Each structure stands twice: as structure tokens, then as C-alpha cells.
Amino acid sequence: MFDLAIIGAGPAGYVAAERAGQKGLSVVLFDKNKLGGVCLNEGCIPTKTLLYTAKLYDHAREGEKYGISCKEVSFDFAKIMQRKNKVVKRLVAGVGAAMKKYNVEVVFAPATIQGKSSDGSINITAGEQNYSCKNLLIATGSETFIPPIKGLNRDEILTNREILELDAVPQTLTIIGGGVIGMEFASFFSSMGCKVSVVEMMPEILPGIDSEMSVLLRQGYAKKGVSFYLGSKVTEIKGNEVFFEKDGKTQSITGEKLLMSVGRRAVTKGFGLENLGVELNRGGIKIDNHCQTNIPNVYAAGDVTGFSLLAHTASREGEVVVNNICGQADTMRYDAVPAVVYTNPEISSVGLTEEQAKQKNIKYKIRTLPMAFAGRFLAENEGVNGFAKVLVGEKYGEILGVHIIGNPSSELIYGAAMMIEAQLRVKDVSQVIFPHPTVSEILKETMFAFNE
């Protein structure tokens, strides 16, 4: 009997397996595909590898702004995709090595929960083998949501999986959905010379992101040639032609390829979850702040909870599960989960947006500064706009939210997350020494503005 069985080898599953193995637990990890889950194989890593290539290509073409002549700049798409595959392969191998190091038994087969035995253990079958465990972590992740659109043929559209396997850049690409995934692919393919059109049902791209930053990003990409159709509901698809309603009128656009990117949904079916009686909530598995379900010794982490569909959230949830199994009190907190949109420029945020603060009736103060207040940013981003926004509580000055549009904000936002997690106030941060010159100084400069 295993101390812990894990279904799903994505960021929640493999991190939990590693942590449990470190603590001396016996662990079996099931996955029907590959180690790393969607994030490592079809999401976070391959897309960011491609986006970095696109950023280099953009910089090369814009070299004149920095006194560098790059008159003939080209790319080899086959090599770009080969490098993406190489990076993924290396990281998957790294996860495998970690599983071996900590004696995790990895089973590549669909796992099915059979139920509980009289002694409270949980029974699982995979392939032709039977397994039993004292604790179970469900980390089955999420899958692309395919909406019931008239005329939609699943074989004729792309999702985040198929678009990563293209062997050439399409001349035109229609993206249904202007969320994070849609905008990151819009960023990559527009940089590669593809004419991209984004159809979004909401009035602005990137719902949930600071609205000022969403607008600035969209305006920047519109200048680069990306077409946006906001407030547009797709009603029908005929081959490569997408029909949508906007302002009461039906319009259509045609693209060589069509990417469906309207969101993801938790995978809660197909592995016997019903045999345990686990409670669901809004399409995902309901958990408490220990990531435990309504069934004793059954936990869930990652996208399957349907709450925070981010790899780093999943990893932390996996850690919380293992700590609680081992008797170490640990709780999952979601007030300081950073989020990044890896476009060019990047948008990074943590904590409350203005919209969220208003919804919660939280009184706040706000300061905004151009990124150029940080000398390092100005030195490295010729002719590029960006700004940082900080929200603090009106009474105590505690940091409620930090939002940045500009490169490399993804490498700064963890600092802001630590500030919020530690419940720091503006005056606390003012006593911290930031290295100079760095882009990170924009955080201190923006908070210093509260003294004005």
C-alpha cells in the first residue's frame, strides 16, 4: 500500500510527488500521457520558448533604434519548432529524473478510482494492475473548452495543442478568444509575419487584468497589424470563415487557420471520481484551504479545482497537500498569486485590481508611474511605453495590488507577491534597498509617490 497516490503528472502532481518523496512517503504517480502535464508539454514551456524567439526577432528588426544595423533578418520556422521540442524534452527528462531520485513509482496508464475499502484505503486500477493507497491526490488538470458553435468541426480547428505542431507560419490566423492564451499566440504569430485577427465576446481583451493595461496592450498590437473584434459573439463557423454578431449586426472574417481559445475546464470525468462521492463546485472539485475534498484523505490540486488555473498555483497546492498529509499544518492562500501575460510587452500583476477593490468595497489609494522612471528600463526599451500601478489600503497603507506592463515585469512580480503575502505597508517597502540600476526600482519609485 502506498502512502500517496497521485492521478495526473502536471505541476500539481509531479511537485507533490517530489515533495512527498523527499519526506519519505511511498508514492505512485499515474498519467496516461507524459510527465509534466499540459503546462510542460502543451502550454507554459513551449509557448514561452516560442515567445522568447519572437521577442529576439522583434529586437533584431528594431535594432536601428539602438544603433545596430540588421538589414536582413529572417527566421527558420522548422528550427524554431525544433528548439521548442528540445526544451520540452529536456525538462520532461528532468521531471523524470526527480521522480527516480525520490523513488516515485510512475505508471503511464489511465487510472480509474474503484472506491474505498473497509479499512479506509483507496483502490485504483491502471492497466491490468491494482493499487491501494492511504491518501489520494487528484490532479487531472483541465482541457480546452470547445463551445457549441454552429458548424464547428473539431477536426478543422486548432487548440493550444495543435497550434504548437504547425510546420509553417500561416498567412492569416483567426483567434476566437482574447484571453491570456489567445493573446500570447497572437503575439507570437504576429511577430512571425502572420496577419492575426482576434474575436472576443467581452468588451475588452484579457478579462480580469487591469483594464488600463489591457487597453494599452491591445492598442500596441493594433499598431502592429493585429485586428480586434471586441464585444463580438461567434454564432457560426463555415470552414475557415467565422461569423459573429457585433452591435446587432452579423459580420465575418476568414483565416487560413482558426485557433479556439475561449477557456479551459476541469477534467473531472473518465477516471472514476463518482466512485468516491467527491463534491464538485462550479465544474471543479471543491476543496478547503488544506486542498482536501469532502472525503477524508482525498485531496485535489491544480486546474481540476476550477479555481486558479495557473501552474504555480497548482504546484503550491500540491505542496500544501503533502505538508498536511505529513502532519505539518499548512494552508493555501490565494491573495498573492501572481499572474503574467507573456506578450511583448509583458503584463504582470498580483493582488487586487481597481475593479476588484471596488467590488469588495475596499477603500484604496493608487499611484501610477511610467516605466521610464526606472533608468534601466529606459536604457533597454527605446520608444516603448509601459507603467506600474500600485494599490494600497487607504487607512493603513498596506499593499493590496501591483500591476506592471513592460519588460521584464514577469521577473519582478514575485517581489510584489512577497510584499502582499507578508502584508507589508508602503513605509515598510521604503526601507528596502533596491539594486540600481534595475527595472525593479519602478516598484519603489511608485510607492515613494504615495508620499507626495
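Structure's up top.
Now for a description of the structure that goes with this document. (Residues numbered from 1 in each chain as written. Predicted model: local features only at pLDDT ≥ 70, side-chain atom pairs only at ≥ 80, totals over all residues. Heavy atoms only, no water.)

1. Description of the side chain of Ser308
Mapped onto the elements, Ser308 comes out in the loop between β18 (298-300) and α7 (311-325). Here Thr313 takes part through its side chain, which lies 2.9 Å from a polar atom of the side chain of Ser308. (Helix = DSSP H or I, 4+ residues; strand = E, 2+ residues; numbered from the N terminus. Polar contact = N/O pair within 3.5 Å; in protein donor to acceptor, adjacent residues only side chain to side chain.)

2. Quick look at the nonpolar core
Side chains of a nonpolar character, in soluble globular proteins, are inclined to be buried together. The biggest cluster of nonpolar side chains holds 36 residues, and the ones touching the most others in it are Ile163, Phe188 and Phe189. Looking at this core, the elements with two or more residues in it are α3 (44-61), α4 (77-101), β8 (172-176), α5 (180-191), β9 (195-199) and α6 (211-223). The element contributing the most residues to this core is α5, with five residues. In contact with Phe189, other than residues within four places in its own chain, are Ile163, Leu166, Val169, Pro170, Leu173, Cys194 and Val196. (Core = buried A, V, L, I, M, F, W, Y, C linked by side-chain atoms within 4.5 Å. Buried < 20%, exposed > 50% of the residue type's maximum accessible area, 1.4 Å probe, protein only. Contact = heavy atoms within 4.5 Å.)

3. Re the state of the cysteines
Applying the stated rule across the entire model yields one disulfide. A sulfur-sulfur distance of 2.2 Å marks the disulfide that ties Cys39 to Cys44. Every disulfide takes its handedness from the sign of the S-S torsion; for Cys39 and Cys44 that torsion is -130°, giving left-handed. You can call Cys39 buried: its relative accessible area is 16%. Looking at the unpaired Cys291, the closest cysteine sulfur is the one in Cys326, lying at 14 Å. Here Cys326 falls in the partly exposed class, since its relative accessible area comes to 34%. (Disulfide = S-S within 2.5 Å.)

4. Some words on the packing of aromatic side chains
One pass over the structure, following the stated rule, counts eight aromatic pairs. Judged by centre distance (5.2 Å) and plane angle (55°), the rings of Tyr229 and Phe244 are tilted. With a gap of 15 residues between them, Tyr229 in strand β10 (residues 227-229) and Phe244 in strand β12 (residues 241-246) connect regions that are remote in the sequence. With relative accessibility at 0%, the residue Phe244 sits in the buried group. With a centroid separation of 4.7 Å and 80° between ring planes, the pair formed by Phe307 and Tyr334 is classed as edge-to-face. (Phe/Tyr/Trp six-rings, centres within 6.5 Å; stacked < 30°, edge-to-face > 60°.)

5. Topic: the pattern of salt bridges
Counted by the stated rule, this structure contains 21 salt bridges. For Lys286, the salt bridge is made with Glu279, and the minimal N-O distance between the two is 3.6 Å. Here Lys286 falls in the partly exposed class, since its relative accessible area comes to 41%. For Glu354, the salt bridge is made with Lys389, and the minimal N-O distance between the two is 2.8 Å. Placement of Glu354 in helix α8 (residues 354-359) and of Lys389 in strand β22 (residues 387-393) is noted, with a sequence separation of 35 residues between them. This pair shows no difference in class: Glu354 is buried, exactly as Lys389 is. Each of Glu18, Arg19, Arg316, Glu319 and Asp330 takes part in salt bridges that share partners, so that together they form one network. (Salt bridge = Lys/Arg side-chain N within 4 Å of Asp/Glu carboxyl O.)

6. A word on α7
Taking 1.5 Å of rise per residue, 15 residues should cover 21 Å, and α7 covers 21 Å from first to last C-alpha, within 8% of that figure. The complete set of buried residues in α7 reads Thr313, Ala314, Ser315, Glu317, Gly318, Val320, Val321, Val322, Asn323 and Asn324. Here the buried face of α7 lies against β1 (2-7), α1 (11-22), β6 (129-138) and β18. (Expected span 1.5 Å × (residues − 1).)

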